[in-house]
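A closer look at the structure
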Amino acid sequence: MEELQNVVRDAGLAVSKLPEKGRCLLTTKNFYPGEVILRQEPYVCVPNNSSTVSRCDGCFASESLKKCSACQVVWYCGSTCQKSEWKLHRLECNALSRLEKEKRKAVTPSIRLMVRLYLRRKLQNEMFIPTSVTDSYNFVEALVSHLKDLDEKQLVLYAQMANLVHLILQWPEINLKEIAENFSKLACNAHTICDCELRPLGTGLYPVVSIINHSCLPNAVLTFEGKSSVVRAIDHIPEGAEVRRESMFERKNTSDYEVPLDLYWTAHKAHKPFEVSIAYIDTAGSTMTRQKALKEQYFFTCTCPRCIKVGQHDDIQESAILEGYRCKDYRCNGFLLRDSEDKGFICQTCGLRRSKEEVKRIVCEITAISDKKLKSTSPGNHEEVISLYKMIEKLQMELCHPFSISLMRTREELLKILMELGDWREALAYCRLTITEYQRVYPELHPLLGLQYYTCGKIEWLLGYTEDAIKSLARAVDILRITHGTNSPFMKELMTKLDEARAEASYNLSSKDE
């Protein structure tokens, strides 16, 4: 621990332990929005290869790939990536090559990640590759496994996976219980590696990043540059000051549901270093939904300011708005709660009643169409899928509160398919709708909001709405330069698009003047 403290101290950080939270990362200096708090390479990582998508083991590229001729499992885009991975893959290749072809198909990314974990430990123990304070198997040993919290079904699954790892490595001294425990550690501590547009590419273990705790209102964001993890501040965190954001449902006028649900920001002084926090899950859901997801996957109850700020009544209200039903009167944006006799739902704004039978009927219709949609996902079947999604959207608009997360997700899917079809005008309408919805459920500096502005700007520019495109792209830059920095190819391309849109607008204006 002392060696690690010495390493992070120069970066303005300190590792500590907090009651009921365990290890955490604290700041000992000012961090400003966009400033890098931590940067780390993975201890081990693998691409998310599947039967439909393959990626290079070195750079996660998906084009111009060639399969390793020996093991027939791993892919590379060229000799550079193959050489960079060779020390580790040499041992992995020998192990995988011993397997029967049918058994190789069972080698999932999770299995490969565990195999590489043990191979890297072996190479470091034998000093074939260097070890450092932040790049050591000691970090893996220090991770919490939560093995005692797992149900029997999950324990059996990890035992089966451990047996497969044992079969691949064929090391007599390997401990099956330790492998199973490490699978549980990875489930709680590994991170999904994403590209700049937050599309998942692979999985990696970043031991120091794993020290950072969760908050539903984090002061930092985790992104990736290639396989490197980068944690950046999204708030100004003054030295010795704690910044918190209030519940999205704490309003100046709590009875005014006609106004969009914004996030209000406050700050208060605290004479202690502040804990760095990131979000482990999508934080758009209600407090009950977030708590359920965190308990099931990470085995803790969140006590961040957003969660503890919400009382029982506020929690019910929040769930009713984000995940519940709308008032039958379309002029009213009130939320519904079950009546005392459990025969229906009462609008908390106008008092109008909605019957349980009506709600059940619409829910059944949505379920039936969703089932049909799942059977219509074959390539080239976009038109039918769009039609089904629009039927779901129409029913959700009839049933769900206007601020419903389910409705937002349906519109996200429609946007994606419309863009694939090149139906840009309708795609733009849905993109603008989702931006409005994102503004209600995400903080001002959330990368998803920035990326949605970027998408909107690209479509607007394509359709010739240059002035609108400039506003959207500028907003995207304002957000993403904080969450992503400014040096990645993605950000350089975004800023170039903004400059080109501004130049085009300037040219159009000068042409009119002439």
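Everything numeric in this text was worked out from a predicted model, so none of it was measured.

1. Examining the sheet that holds strand β16 (residues 344-347)
What the 3 strands build is an open sheet, ordered β15-β16-β17; its pairing is antiparallel. Edge strands, defined here as strands with exactly one partner in the open sheet, are β15 (336-338) and β17 (353-355). Taking each pair of neighbouring strands and ignoring which way they run, the sheet shows an average axis angle of 30°. Direction of pairing for β15 relative to β16: antiparallel, over a ladder of 3 bridges. Residue R338 lies in a different strand from β16, and its bridge partner there is F345. Lying over the sheet, helix α12 (residues 356-374) contacts β15, β16 and β17, oriented at roughly 60° with respect to β17.

2. Details of helix α16 (residues 447-462)
Its 16 residues place the ends of α16 23 Å apart at the C-alpha level, agreeing with the 22 Å of an ideal helix rising 1.5 Å per residue. Judged by how many residues are buried, α16 sits mostly within the fold: 12 of 16 residues are covered. Within the span of α16, buried status applies to P447, L449, G450, L451, Q452, Y453, Y454, T455, C456, G457, I459 and E460.

3. So, the packing of helix α15 (residues 424-441) against α16
Packing of α15 against α16 brings their axes to within 9 Å, and their N-to-C directions diverge by 155°. Between α15 and α16, the interaxial angle falls into the category roughly antiparallel. In the crossing of α15 with α16, the sense of the turn from one axis to the other is left-handed. Between α15 and α16, the residues in contact are W424, A427, L428, C431, R432, T434, I435, Y438 and Q439 and L448, L449, Q452, Y453, T455, C456, I459, E460 and L462, respectively.

4. Focus: the confidence of the model for the protein chain
Residue-level pLDDT values for the protein chain average 89, and 91% of them are 70 or greater. Looking over the protein chain, one finds the lowest element-wise mean pLDDT in strand β13 (residues 265-269), namely 34, and the highest in α16, namely 98. Across residues 241-272, confidence stays below pLDDT 50; counting only partners more than four residues off in sequence or on other chains, it has 81 contacts.

5. Some thoughts on unusual backbone geometry
The backbone of S64 shows a phi angle near 55°, a positive value even though the residue is not glycine. With respect to the secondary-structure elements, S64 resides in the loop between β4 (44-47) and β5 (66-67). Of note, the phi angle at Q72 is positive, near 60°, even though the residue is not glycine. On the secondary structure map, Q72 appears in the loop between β5 and β6 (75-76). Q72 gets classed as partly exposed once you look at its relative accessible area, which sits at 40%.

Quick notes on the rules
Each chain has its residues counted from 1, running along the sequence as written. Per-residue local features of the predicted model are confined to residues with pLDDT of at least 70, and side-chain atom pairs are confined, for both listing and counting, to 80 or more; whole-chain, interface and lining totals are unaffected and use all residues. Note that water and hydrogens are dropped before the side-chain values are worked out from all heavy atoms of the structure. Paired strands, in this sense, are two strands between which DSSP finds at least two bridges. In this description a helix means any DSSP run of H or I spanning at least four residues, a strand means any run of E spanning at least two, and both kinds are numbered starting from the N terminus. Here, axes are lines fitted to C-alpha atoms. For helices the fit covers the stretch in contact, and angles between N-to-C directions go from 0 to 180 degrees. In this description, contact between two residues means that some pair of their heavy atoms is separated by no more than 4.5 Å. Multiplying one less than the number of residues by 1.5 Å gives the expected span of a helix. Any residue under 20% of the maximum accessible area for its type is buried, any over 50% is exposed, and the rest in between are partly exposed; the area is computed with a 1.4 Å probe on protein chains only. Note on angle classes: values under 35 degrees are labelled roughly parallel, values over 145 roughly antiparallel, values of 65 to 115 roughly perpendicular, and the remainder oblique. Take the far helix as the reference: if the near one is turned anticlockwise from it by less than a right angle, the crossing is left-handed, and if turned clockwise, right-handed. A score between 0 and 100, pLDDT records how confident the predictor is in each residue.

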